[in-house]
Amino acid sequence: MYKIIDGKHIASEIKREIATEVSERKAAGLKIPHLAAILVGNDGGSETYVAHKVKACEEVGFESTLIRLPDSTSEEELLGKVRELNSDDSVDGFIVQLPLPKHISEEKVTNTIAAGKDVDGFHPENLGKMMLGAPVFVSATPFGITELLRRYDIPTAGSRVVIIGRSNIVGRPLSILLSMKGVDATVTVVHSRSKDIEAICSEADILIAAIGQPLFVKANMVKEGAVVIDVGTTRVKNETSKSGWKLTGDVDFDAVAPKCSYITPVPGGVGPMTIVSLLRNTLLACRMKD
Ligand SMILES: NC(=O)c1ccc[n+]([C@@H]2O[C@H](COP(=O)([O-])OP(=O)(O)OC[C@H]3O[C@@H](n4cnc5c(N)ncnc54)[C@H](OP(=O)(O)O)[C@@H]3O)[C@@H](O)[C@H]2O)c1
């Protein structure tokens, strides 16, 4: 029988640990961590993600600031806001919620965020340091996944890991983290140009899907007893739900779960871990000022 990797539960555990440290900081008269988020436009998904991040800040006792900018904001105006936050000492870390409107370069914005405040871990300096094994802020989703594996005592040393997807925010950084000394997995990354994906996936001890293609991973792609981590979150139309859509993962859960030893659900698996990783990075940023 498979076990569910309960990201919501682990995230609550980590939030309690962070909240305890925040209370101790308060009692000691130290600075309270402050996370700011910039939201440009009103994309439904982004609104939800940012709202969850702000709520998580409240839960652990952080200060938070949400800066809403209209869709019509120019690239220069947004860069100006980023520079303002870079030099605002009261803010320990901040994020610019992606995706951005088409007329704004995400790369330019990411590169303008001060590396010391880049709690999403997307800045080239932070990615470079991670690559060299000297991470400051590890990208939130990859870190959340490694933390899930660690807290569920899932062995990685010598394990064959297959990651589907090579994005700069999930697949690629995750492949680096899992192949690091001390984690010691043997990692294969597959993508849209890979051949024989099904056969490669079916050799994995740990299979991680991060592509944004609902129900892509089928039972024939999964080895008996494998651990399956589903990063995908796509809004799929659903007439029976109140919102009219359902968050759907990259894994065909009902077909795949019976073959697994462990599997993450969507929602409630990787998603909550991404948010706590962001909180953790903000706490680290704040601690560095002590
Ligand atoms: N739960 C969370 O907290 C969280 C956080 C981040 C992202 N996500 C979700 O994770 C998913 C991936 O996000 P992302 O930002 O990494 O996506 P992305 O930037 O769109 O990258 C998708 C990757 O998947 C590959 N791919 C797409 N279709 C494929 C196929 N049919 N076969 C093999 N590979 C395929 C692409 O290959 P090419 O490189 O060849 O194009 C690309 O490398 C999305 O659903 C996103 O919403 C969730």
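As a starting point, this report considers the structure included with it. Computed from a predicted model, the values in this text were never measured in an experiment.

### Remarks on the environment of K289
- With respect to the element layout, K289 can be found in the segment after α10 (270-287).
- Each residue touching K289, except ones within four places of it in the same chain, is listed here: K31, D89, V91 and D92.
- Polar contacts involving the side chain of K289 include one to the main-chain carbonyl oxygen of D89, which spans 3.2 Å.

### Re the nonpolar core
- With 45 residues, the main nonpolar core has I208 and I229 as its most contacted residues.
- Tallying contributions element by element places α10 first for this core, with 8 residues.
- For I229, the contacting residues outside a window of four places in its chain are I5, I145, L149, L207, I208, A209, T264 and V270.
- Counting 18 residues, the second largest nonpolar core, distinct from the first, contains I197, L207, V217 and V256.

### Here's the deal with unusual backbone geometry
- The residue after L98, namely P99, is reached through a cis peptide bond having omega 0°.
- Along the chain, P99 turns up in the loop between β4 (93-96) and α4 (106-112).
- Not every positive phi belongs to a glycine, and D196 is a case in point at roughly 55°.
- Within the secondary structure, D196 is located in the loop between β6 (186-190) and α8 (197-201).
- One non-glycine residue, L215, lies in positive phi territory at about 60°.
- Relative to the elements of secondary structure, L215 occurs in the loop between β7 (206-209) and β8 (226-230).
- For L215, a relative accessible area of 37% gives the class partly exposed.

### Examining the packing of helix α1 (residues 7-27) against α10
- Where α1 meets α10, the axes come as close as 9 Å, and the angle between the chain directions of the two elements is 20°. The angle between α1 and α10 falls in the class roughly parallel. Where α1 crosses over α10, the two elements pack in a sense that is left-handed. Of the residues in α10, those touching α1 at G7, K8, I10, A11, I14, K15, I18, E21 and R25 are P272, M273, V276, L279, R280, L283, C286 and R287.
- Taken together, the residues of the contact of α1 with α10 sort by class into 10 nonpolar, 1 polar and 6 charged.

### Section: the sheet that holds strand β11 (residues 260-263)
- Spatial strand order, β1-β11-β8-β7-β5-β6: 6 strands in an open sheet with parallel pairing. Pairing within the sheet leaves two strands with one partner each, and these edge strands are β1 (3-4) and β6.
- Contacting β5 (160-164), β6 and β7, helix α7 (residues 171-179) runs over the sheet at an angle of about 170° to β5.

### Notes on α1
- Here α1 spans 30 Å end to end across 21 residues, near enough to the 30 Å set by a 1.5 Å rise per residue.
- Buried within α1 we find G7, I10, A11, I14, I18, V22 and R25. Take α1 and look down its axis: the buried residues cluster within an arc of 115°, on one side only. Across α1 from its buried face, at more than 90 degrees, point the exposed residues R16, E24 and A27.
- Elements that come into contact with the buried residues of α1 comprise α2 (44-60), α6 (140-151) and α10.
- Taking the backbone nitrogen of K8 as reference, a side-chain oxygen 3.2 Å away marks D6 as the first, capping residue of α1.
- Positive phi shows up at G29, right after α1, with a value of about 75°.

Rules behind the numbers
Residues numbered from 1 in each chain as written. Predicted model: local features only at pLDDT ≥ 70, side-chain atom pairs only at ≥ 80, totals over all residues. Heavy atoms only, no water. Helix = DSSP H or I, 4+ residues; strand = E, 2+ residues; numbered from the N terminus. Contact = heavy atoms within 4.5 Å. Polar contact = N/O pair within 3.5 Å; in protein donor to acceptor, adjacent residues only side chain to side chain. Core = buried A, V, L, I, M, F, W, Y, C linked by side-chain atoms within 4.5 Å. Buried < 20%, exposed > 50% of the residue type's maximum accessible area, 1.4 Å probe, protein only. Axes fitted to C-alpha atoms, helices over the stretch in contact; angles between N-to-C directions. Parallel < 35°, antiparallel > 145°, perpendicular 65-115°, else oblique. Left-handed = near helix turned anticlockwise from the far one by under 90°. Nonpolar A, V, L, I, M, F, W, Y, C, P; charged D, E, K, R; others polar. Pairing = 2+ DSSP bridges. Expected span 1.5 Å × (residues − 1). Arc of directions from axis to C-beta.

In short, shape yes, function no, at least from these values alone.
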